[in-house]
Amino acid sequence: MKIENALRDQYRKLAKDQGYRSRSAYKLLEINNKHNVIEPNDTILDIGCAPGGWLQVAKKLSGPTGTVVGVDINLTKTITEVSTMQLDIEDPDAIEKIRKNFPFSFDVVLSDLSPKVSGIWHFDHERQISLTLVALQISSKLLKRGGNAIFKIFDGSYSGDVKQEAAKIFMKVTTSKPKASRQKSSEFYVICSEFKGKRE
Ligand SMILES: C[S@@+](CC[C@H](N)C(=O)[O-])C[C@H]1O[C@@H](n2cnc3c(N)ncnc32)[C@H](O)[C@@H]1O
């Protein structure tokens, strides 16, 4: 078996044994170990949260006094002490709908968004970047000043657009490729800290 496949199976087994809904849970744990994005007591919004591995990790890291909210175009099965909402983030009223259900600002926004992939690389890349730019726009309206964010990117010619937009609204922007993410996959994560504040 190739090392790549063995690693993927190892994380899949680990997720099953430890009760995480996705292998992706380990990507967030790894990123957080290195970058301290989430702290106890944080209020967290996870955009594109289903099936919910990141929600479980966010709840664990923010602790009993943390607040975790997730939105996804698909239904997310209930997770104890986590609130979820079915929402297409490209709905023009998405921000208002989130605000209506959750009338507070967030310390952290997470985005692990992926479109349904077609297998046509440049098309999937453009679509994923377009979704991520919407997540960035939502962050700019719903984060607290000083807040942090993580955005997944399918790497390609438009990746710079996300980093460029992020740099306009966060003091620090860096990137990370966790071990739990297959080395062959083109995804990586943009880690943003110290949101500069809302511009209405
Ligand atoms: C890789 S999965 C997220 C996995 C999640 N982080 C976890 O650990 O379980 C990407 C998610 O993005 C969601 N998504 C794609 N387009 C969306 C949209 N327009 N609005 C909301 N969610 C969307 C998909 O439904 C999918 O659940």
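Our subject is the structure listed above.
Chemist: Outline the pairing of strand 7 (residues 187-195), supporting the account with residue identities and numerical values.
Modeler: Residues in a regular strand project their side chains so that they alternate between the two faces of the sheet. Within strand 7, seven of the nine residues are buried, leaving the element largely enclosed by the surrounding structure. As defined by bridge partners, strand 5 (residues 143-154) adjoins strand 7 across six bridges and the pair is classed as antiparallel. Of the residues in strand 7, the one forming a bridge with Phe154 is Glu187.

Chemist: Can you tell me about the layout of surface pockets, naming the residues and giving the values?
Modeler: Looking at the largest pocket, its volume works out to about 810 Å³. Mapped by element, the contributors of at least two residues to the lining of the largest pocket are strand 1 (43-47), helix 3 (53-62), strand 2 (67-72), helix 5 (121-142) and strand 5.

Chemist: Just give me the short version of the packing of helix 4 (residues 94-101) against helix 5, but keep the residues and values in it.
Modeler: At a minimum axis separation of 10 Å, helix 4 and helix 5 run at an interaxial angle of 45 degrees. When the axis of helix 4 is compared with that of helix 5, the two are oblique. Crossing of helix 4 against helix 5: the hand is right-handed. Touching Ile95, Ile98 and Arg99 of helix 4 are Gln137, Ile138, Lys141 and Leu142, all from helix 5.

Chemist: Outline the sheet that holds strand 7, supporting the account with residue identities and numerical values.
Modeler: Taken in spatial order, the seven strands of this open sheet run 3-2-1-4-5-7-6, and their pairing is mixed. Of all the strands in the sheet, the pair left with one neighbour each is strand 3 (83-86) and strand 6 (170-176). Across the sheet, the axes of successive neighbouring strands diverge by a mean angle of 15 degrees, strand direction being ignored. Both strand 2 and strand 3 contribute to a ladder of four bridges, which runs parallel. Pairing of Gly70 across the sheet is with Thr84, part of strand 3. Lying over the sheet, helix 5 contacts strand 1, strand 4 (106-111), strand 5, strand 6 and strand 7, oriented at roughly 175 degrees with respect to strand 5.

Chemist: Outline helix 6 (residues 159-169), listing residues and values.
Modeler: Of all the positions in helix 6, only Ser159, Val162, Ala166 and Ile169 are classed as buried. The arc that holds every buried residue of helix 6, seen down its axis, measures 100 degrees, which confines them to one face. Buried residues in helix 6 make contact with helix 5, strand 5, strand 6 and strand 7.

Chemist: Residue-level account of the pattern of salt bridges, with values.
Modeler: Applying the stated criterion to the full structure yields 11 salt bridges. A salt bridge links Glu81 to Lys59; the shortest N-O distance between them is 3.7 Å. Taken together, the residues Glu81 in the loop between strand 2 and strand 3 and Lys59 in helix 3 connect sequence positions 22 residues apart. For the salt bridge of Lys168 with Glu165, the shortest nitrogen-to-oxygen distance reads 2.9 Å. With Lys168 and Glu165 both in helix 6, this residue pair falls three residues apart, about one helical turn. Looking at Lys168, the relative accessible area reads 48%, which means it is partly exposed. The exposure class assigned to Glu165 is partly exposed, which follows from its relative accessible area of 33%.

Chemist: I'd like to hear about the site of the ligand, residue by residue, with values.
Modeler: Near the ligand you find 20 residues, and of these Ser22, Gly52, Asp72, Asp88 and Asp112 are the closest. Here a nitrogen atom of the ligand and a backbone polar atom of Ile73 are 3.1 Å apart. A distance of 2.8 Å separates a nitrogen atom of the ligand from a polar side-chain atom of Asp112. Here the ligand has 600 Å² of accessible area as a free molecule, and 88% of this is covered by the chains. The cavity that encloses the ligand is the largest pocket. Its residues placed into classes, the shell around the ligand shows nine nonpolar, seven polar and four charged.

Calculation rules
Residues numbered from 1 in each chain as written. Predicted model: local features only at pLDDT ≥ 70, side-chain atom pairs only at ≥ 80, totals over all residues. Heavy atoms only, no water. Buried < 20%, exposed > 50% of the residue type's maximum accessible area, 1.4 Å probe, protein only. Helix = DSSP H or I, 4+ residues; strand = E, 2+ residues; numbered from the N terminus. Pairing = 2+ DSSP bridges. 1 Å grid on protein atoms, 1.4 Å probe; cavity = no way out; pocket = protein on both sides within 12 Å on 5 of 7 lines; lining within 4 Å. Points joined across faces, edges and corners; volume = space filled by probe spheres on them. Axes fitted to C-alpha atoms, helices over the stretch in contact; angles between N-to-C directions. Parallel < 35°, antiparallel > 145°, perpendicular 65-115°, else oblique. Left-handed = near helix turned anticlockwise from the far one by under 90°. Contact = heavy atoms within 4.5 Å. Arc of directions from axis to C-beta. Salt bridge = Lys/Arg side-chain N within 4 Å of Asp/Glu carboxyl O. Near = heavy atom within 4 Å. Polar contact = N/O pair within 3.5 Å; in protein donor to acceptor, adjacent residues only side chain to side chain. Areas by Shrake-Rupley, 256 points an atom, 1.4 Å probe, with all protein chains shown as cover. Sits in = over half its atoms within 2 Å of the grid points. Nonpolar A, V, L, I, M, F, W, Y, C, P; charged D, E, K, R; others polar.

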